[in-house]
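Fold and contact review
One-letter residues, chain by chain:
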Amino acid sequence: MTVGKDVSALFPDVVNCMQTDNLELKKLVYLYLMNYAKSQPDMAIMAVNTFVKDCEDPNPLIRALAVRTMGCIRVDKITEYLCEPLRKCLKDEDPYVRKTAAVCVAKLHDINAQLVEDQGFLDTLKDLISDSNPMVVANAVAALSEIAESHPSSNLLDLNPQSINKLLTALNECTEWGQIFILDCLANYMPKDDREAQSICERVTPRLSHANSAVVLSAVKVLMKFMEMLSKDLDYYGTLLKKLAPPLVTLLSAEPELQYVALRNINLIVQKRPEILKHEMKVFFVKYNDPIYVKLEKLDIMIRLASQANIAQVLAELKEYATEVDVDFVRKAVRAIGRCAIKVEQSAERCVSTLLDLIQTKVNYVVQEAIVVIKDIFRKYPNKYESVIATLCENLDSLDEPEARAAMIWIVGEYAERIDNADELLESFLEGFHDESTQVQLQLLTAIVKLFLKKPTETQELVQQVLSLATQDSDNPDLRDRGYIYWRLLSTDPVAAKEVVLAEKPLISEETDLIEPTLLDELICYIGTLASVYHKPPSAFVEGGRGVVHKSLPPRTASNESTESPEAAPAGAPTGEQPDVIPTQGDLLGDLLNLDLGPPVSGPPLATSSVQMGAVDLLGGGLDSLMGDEPEGIGDTNFGAPPAAAPARPGAPIGSGLSDLFDLTSGVGTLSGSYVAPKAVWLPAMKAKGLEISGTFTRQVGSISMDLQLTNKALQVMMDFAIQFNRNSFGLAPAAPLQVHAPLSPNQTVEISLPLNTVGSVMKMDPLNNLQVAVKNNIDIFYFSTLYPLHILFVEDGKMDRQMFLATWKDIPNENEAQFQIRDCPLNAEAVSSRLQSSNIFTIAKRNVEGQDMLYQSLKLTNGIWVLAELRIQPGNTSFTDLELSLKCRAPEVSPHVYQAYETILKN
């Protein structure tokens, strides 16, 4: 049988031997039964009596052997006879029998799940978690986990602090595989607070020094998950980081296959928490006898850990690797030098000189890789290292790989004005245009068009030649379409062509190969499994739905948002145009929930005053409060901008006559033509696990709304959306729940208009128009702040009676008057008046004093505050005028924001 011969014909004779008292013979008979019971189900029933009898044998080894064999015989007819013996064995006095019976329940569940549930075996299995024997506990956990994975909806492993305590006690006395089962089970538990998480971490930490690498990785998984709940300010957090490094380093002294698995897991850990291994760079240096798959993985981790502190070491090492004999490894090493230059700006110069040294070696594949990475360095640091172009041009003839040729063509096209013979160089590529790969052809087309726009007189023939080759002789649709676009652009509007083709390009970021944050969080939950080696979620490679559960990290504690060390912060993060909403120094919530959603402002600082924040619920008491009627406090995040900073679309003044009513481009078509700022990104995807939120505020016919655009840039579906506002200066609150009618699939965008009212809780904010928002979905809760334009709060009945205006103006103290200037306004007095009226700023009187138009205006905010204005229009040149604005209000802190509204409405 064991050598592949069919001996099923002997079934009856072998079954007769079951009655023997010889343990070794009994084992062989049982082995035979397991193999052939499926092919002879009717004969297998003959063995049932003996099984039942053996389950009551005085010898625990025989009892366990009988129940194990019965679990392995996958024959429906026998299953029902299994129940009674199994029930007895689950309550057997001997722990060896109980632990075998526990695993048998999982096997029986796989054959007939309904039977197991009806017979109550699952409850018995749960009771075994409290067993006195650690091996029984481990097997019960393993069996329940197996069953739970195939039935994700069932809440079998209903863990609580008491059962967790029992598991942790059993952890110290189990075999190594028992420990792995218990650790994997612990990783699925959600501690109720950070103290419980810390307590579990403390009891799991000793497992890091276990000899079995699987136990170590399972312990690392538990710690990585629960660290999410610990505050970075805790001393214990720092201690835990230090304790995690040595076991990971020790894994790298195992045999190559184990090293590879360890390195793939370390790659994930380094992306999540680079600070763990930032001082362990040397262990990732490549050894001469490492297999290629280990070398490449080590190289990847070296780049991830590269920082200003260790870059000199890393570069010396990489330069050494670039002279190795293994071609694949050398290519990766040269690419790595380029990645270092892009990641650590201070090292860029040294990296470029290292690459030039490598180009001087004249080794063909080294030269080609170097040119590809130098192109990326040019894109990261424009106008800095262009002096090396001459050296690159010397190696033009040796390039034979498409990527290197395309990179060189890009360099020649981009810096054509600095290369005297750029047209000759590009012409040399053009001779074999049809033999080139598509990548090279596209690059060559763009480069020659760039050259033409920079030197039009000398290159007219060249550009015509390449356009006819691309459009008339090519059968590649991409190339043909690009050729036609350039042709039409150049023939109809050369100025526009210049703006399009020679536009300033965005800088490239250093970590383009980072795993997407939601996927990374899921993979961290699968450390030590195949998913962590493939860097793919189980759903990507496990066939069918069975056993695939989407896991995610616990929500971060308030002070633990950032997962990156200071070294990991992007060196050249693009600076936003919008100033941040900066929390005051004494504002504890500002410190707690400061997600750092943008770079600091380089202009004058915002005026700050100490604001009493009041009691704040950090959404800790269940997420249901998100949908409640009265929003609780959320916390402070620093993002958003005054609408004046955003580019805006032109509004139209109110016209007169019926024709205007039907002019949809004018403000009147919407009854109230209040200015609407274009949507701005309020919450970038990288800060919200793939959810990007853009939005703006509108006021139409007396109702305020927040127009949102939600985009899913993650790899998983998003659903269960809800929104909550913190208390704010004007009591803005959602008037209805956030309705996203269908789950948001990856790469899908949905537009939602959320109606708002002004009956929410009021608390003075700094700045006054700061709005703090929490958005919840099935992945997490995300916080952001934005500034709303004050004109959405100007109500329709804000026109004051003339006499009342005069009396109020005199009544408000002179110290409450604020003066502002609006420069270069493109409108005359009539247009100003009608434009402002469309946003509920009403002109009460108008007069002309010494050639200047004076407008007297009033507006009223939703909370009943009146603001009175005197607008003096200076006659400037024909198209632009300067305005002087005087505002009087009983709440003078409102005046700067009203001025901002004036400027926004009049200039857009």
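For the structure itself, consult the block above.
Described below are features of the structure shown in this document. Computed from a prediction, not measured in an experiment: that's the story for all the values here.

**Remarks on the sheet that holds strand 3 (residues 703–712)**
Pairing is antiparallel across the open sheet formed by five strands, whose spatial order is 1-2-3-6-5. Of all strands in the sheet, those bounded by a partner on one side alone are strand 1 (680–683) and strand 5 (733–734). One ladder, built from 10 bridges, connects strand 2 (residues 691–700) with strand 3; its direction is antiparallel. From the neighbouring strand, Glu692 faces strand 3, where its bridge partner is Thr711.

**Here we look at a nonpolar patch on the surface**
A cluster of nonpolar residues, Leu25, Leu28, Leu31 and Met34, forms a patch on the protein surface that exposes about 320 Å² of accessible area. As for its placement among the helices and strands, Leu28 is situated in helix 2 (residues 23–36).

**Considerations on the nonpolar core**
Proteins that are soluble and globular tend to have nonpolar side chains buried together. Residues Leu86, Leu318 and Phe378 are the most contacted members of the largest nonpolar core, which totals 197 residues. Setting aside residues no more than four positions away along its own chain, Phe378 makes contact with Tyr385, Glu386, Val388, Ile389, Leu392, Trp410, Ile411 and Tyr415. Within the second largest apolar cluster, 67 residues are counted, among which are Ala677, Ile792, Phe820 and Ile873.

**A short note on a negative patch on the surface**
A contiguous patch of negative charge, built from Glu424, Glu427, Glu431 and Glu461, is present on the exposed surface. Looking at the secondary structure, you find Glu424 in helix 24 (residues 422–430).

**Observations regarding the packing of helix 17 (residues 292–305) against helix 19 (residues 327–343)**
The contact between helix 17 and helix 19 brings their axes to 10 Å, and the two run at 5 degrees. Compared by their axis directions, helix 17 and helix 19 come out roughly parallel. Here helix 17 contributes Ile292, Lys295, Leu296, Leu299, Asp300, Ile303, Arg304 and Leu305 to the contact with helix 19, which in turn contributes Asp328, Phe329, Lys332, Ala333, Ala336, Arg339, Cys340 and Lys343. Partitioning the contact of helix 17 with helix 19 into residue classes produces nine nonpolar, no polar and seven charged.

**Concerning the pairing of strand 3**
With eight of 10 residues buried, strand 3 is to be regarded as a mostly interior element. The hairpin formed by strand 2 and strand 3 contains two residues between the paired strands, and Val701 there has a positive phi angle of roughly 45 degrees.

**Observations concerning the pattern of salt bridges**
Enumeration over the complete set of coordinates arrives at 35 salt bridges. Among the ionic pairs, Lys450 bridges to Glu414, the shortest N-O distance being 2.7 Å. With a gap of 36 residues between them, Lys450 in helix 25 (residues 438–454) and Glu414 in helix 23 (residues 402–414) connect regions that are remote in the sequence. Each of the two residues, Lys450 as well as Glu414, counts as buried.

**Some details on the packing of aromatic side chains**
By the definition in use, this model includes 13 aromatic pairs. On the numbers, 5.3 Å between centres and 75 degrees between planes, the contact of Phe378 with Tyr415 is edge-to-face. Placement of Phe378 in helix 21 (residues 364–380) and of Tyr415 in the loop between helix 23 and helix 24 is noted, with a sequence separation of 37 residues between them. Exposure class is identical for Phe378 and Tyr415. Each is buried. Plain terms: the ring middles of Tyr534 and Phe541 are 4.8 Å apart, the flat faces sit at 90 degrees to each other, and that makes the pair edge-to-face. On the basis of relative accessibility, which here comes to 43%, the residue Tyr534 falls in the partly exposed class. Counting every residue linked through ring pairs, the aromatic cluster contains Trp682, Phe697, Phe730, Phe784 and Tyr788. Positioned above the aromatic ring of Phe329 is the side chain of Lys295, whose terminal nitrogen or guanidinium carbon lies 5.2 Å from the ring centre.

**Thoughts on unusual backbone geometry**
Backbone torsion omega between Asp766 and Pro767 reads -5 degrees, so that peptide bond is classified as cis. Position of Pro767 relative to the elements: it lies in the loop between strand 6 (749–757) and strand 7 (770–776). For Lys689, which is not a glycine, the phi torsion comes out positive at approximately 50 degrees. A relative accessible area of 7% means that Lys689 is categorised as buried. Backbone geometry places Asn747, a non-glycine residue, at a positive phi of 65 degrees.

**Considering helix 18 (residues 311–321)**
Taken as a whole, helix 18 has its buried residues at Ile311, Val314, Leu315, Glu317, Leu318 and Tyr321. The buried residues of helix 18 all sit within an arc of 165 degrees when viewed along its axis, so they share a single face. Its buried side turned inward, helix 18 meets helix 17, helix 19 and helix 20 (348–360).

**Thoughts on helix 24**
Owing to its 3.6 residues per turn, the α-helix brings residues three or four apart onto one side. Turning to helix 24, its buried residues are Ala422, Leu425, Leu426, Phe429 and Leu430. Mapping the buried residues of helix 24 onto a view down its axis gives an arc of 145 degrees, with all of them on the same face. Residues of helix 24 that are buried in the fold lie against helix 22 (389–394), helix 23, helix 25 and helix 26 (460–471).

**Digging into the sheet that holds strand 4 (residues 722–725)**
The three strands are arranged 4-7-8 in an open sheet whose pairing can be described as antiparallel. Looking at strand neighbours, the two that pair on one side only are strand 4 and strand 8 (781–787), the edges of this open sheet. With strand direction ignored, the average angle separating the axes of adjacent strands in the sheet is 25 degrees.

**Regarding the side chain of Arg63**
Considering the arrangement of structural elements, one finds Arg63 in helix 5 (residues 60–72). You can call Arg63 buried: its relative accessible area is 7%. Polar contacts involving the side chain of Arg63 include one to the main-chain carbonyl oxygen of Pro58, which spans 3.0 Å. One polar contact links Arg63 to Asp92, side chain to side chain, over a distance of 2.8 Å. Those residues in contact with Arg63, other than ones at most four positions away along the chain, are Asp54, Cys55, Glu56, Asp57, Pro58, Asp92, Glu93, Asp94 and Val97.

Analysis parameters
- Residues numbered from 1 in each chain as written.
- Predicted model: local features only at pLDDT ≥ 70, side-chain atom pairs only at ≥ 80, totals over all residues.
- Heavy atoms only, no water.
- Pairing = 2+ DSSP bridges.
- Helix = DSSP H or I, 4+ residues; strand = E, 2+ residues; numbered from the N terminus.
- Patch = residues over 30% accessible without salt bridge, like charges linked within 9 Å, V, L, I, M, F, W, Y side chains within 5 Å.
- Areas by Shrake-Rupley, 256 points an atom, 1.4 Å probe, with all protein chains shown as cover.
- Salt bridge = Lys/Arg side-chain N within 4 Å of Asp/Glu carboxyl O.
- Core = buried A, V, L, I, M, F, W, Y, C linked by side-chain atoms within 4.5 Å.
- Buried < 20%, exposed > 50% of the residue type's maximum accessible area, 1.4 Å probe, protein only.
- Contact = heavy atoms within 4.5 Å.
- Lys, Arg positive; Asp, Glu negative; His and termini not counted.
- Charge placed at Lys NZ, Arg CZ, Asp CG, Glu CD.
- Axes fitted to C-alpha atoms, helices over the stretch in contact; angles between N-to-C directions.
- Parallel < 35°, antiparallel > 145°, perpendicular 65-115°, else oblique.
- Nonpolar A, V, L, I, M, F, W, Y, C, P; charged D, E, K, R; others polar.
- Phe/Tyr/Trp six-rings, centres within 6.5 Å; stacked < 30°, edge-to-face > 60°.
- Lys NZ or Arg CZ within 6 Å of the ring centre and 35° of its normal.
- Arc of directions from axis to C-beta.
- Polar contact = N/O pair within 3.5 Å; in protein donor to acceptor, adjacent residues only side chain to side chain.

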